[in-house]
Amino acid sequence: MSELQERIRKTVEGEPIVVFIKGTPQFLGCGNSGRALDALRSVGASAVTIDVLPDPQIRQDLTALYGWPTIPQVFVKGELVGGADIVEELAASGELATEIDKRLGEGGRNGGDERVVELAEGTGSPFRVVS
Amino acid sequence: MSVERLQALLRGAFPEAEECDIADRTGTGDHFHVLVVDKQFHGMPLLEQHRAVNTALAEALEDGTIHELRISTRGAA
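Owing to the predicted nature of the structure, the values given are computational and were not obtained by experimental measurement. (Residues numbered from 1 in each chain as written. Chains lettered and ligands numbered in written order. Predicted model: local features only at pLDDT ≥ 70, side-chain atom pairs only at ≥ 80, totals over all residues. Heavy atoms only, no water.)

(A) Spotlight on the overall build of chain B. The helix and strand tally for chain B stands at three helices and three strands. Listing the helices and strands of chain B from first to last along the sequence gives α-β-β-α-α-β. Relative to a compact globule of 77 residues, whose C-alpha radius of gyration would be 11 Å, chain B shows 12 Å and is just as compact. Projected onto its principal axes, the C-alpha coordinates of chain B cover approximately 35 × 20 × 20 Å. (Helix = DSSP H or I, 4+ residues; strand = E, 2+ residues; numbered from the N terminus. Rg over C-alpha atoms; globule rule 2.2 N^0.38 Å.)

(B) A look at the environment of Pro69 of chain A. Secondary-structure assignment places Pro69 of chain A in the loop between α3 (56–66) and β3 (73–76). For the pair Pro69 of chain A and Cys30 of chain A, spaced 39 residues apart in the sequence, the C-alpha separation amounts to 15 Å. In this view, Pro69 of chain A contacts Arg59 and Thr63 of chain A together with Asn54 and Leu61 of chain B; residues no more than four positions away in its chain are not counted. (Contact = heavy atoms within 4.5 Å.)

(C) Molecular detail of the packing of aromatic side chains. With the rule as written, the count across this model stands at three aromatic pairs over all chains. On the numbers, 5.8 Å between centres and 80° between planes, the contact of Phe20 of chain A with Phe75 of chain A is edge-to-face. Of this pair, Phe20 of chain A sits in strand β1 (residues 17–21) while Phe75 of chain A sits in strand β3, and the two are 55 residues apart along the sequence. The interplanar angle of 65° and the centroid separation of 5.7 Å between the aromatic rings of Phe14 of chain B and Phe41 of chain B together place this pair among those described as edge-to-face. Of the two residues, Phe14 of chain B is situated in the loop between α1 (3–13) and β1 (19–24) and Phe41 of chain B in the loop between β2 (31–37) and α2 (46–56); the sequence distance between them amounts to 27 residues. (Phe/Tyr/Trp six-rings, centres within 6.5 Å; stacked < 30°, edge-to-face > 60°.)

Next up, the structure:
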């Protein structure tokens, strides 16, 4: 496993909800990334987001790790839930809230702030908080 | 890769599908919406249903033919 893959894995496993998107919540590079974040917000869940645009290798390694070809990708407690269509559909049916509660327990949907995390080279930490 | 080719890939992957369509959402040949209604999806988690569609179109996703893919799946009645 490459160093970048290791950092991706640590972030996915270390944060309750992680969404790989194009851009940031404030400056979205793709409508589908916004759809995924909106679906999470609709059930009071806040995510850590990672922008895949700065380095094409992030997306490549992410796909290699989890076998999912498109962005966004939503992870809850280290497991892939799906892309924008899936989380939107699950939010509409009520299953998204159920699934998050099942995986994260009480407080998994506390409506806290979204955070942007940058996968940084050689910092010793799996990630660096930038906002 | 043409829409017809993508359609053929889907039909090959879901030969018994009740519905199996791919639509060019924007008319630019790179943003697509796939609909597959297949009894094999009954009881299958949504993630695995979508994974099956992604697998069917893996080559086109890999080579950039498909820039955006929306997926709708359900089990046939």
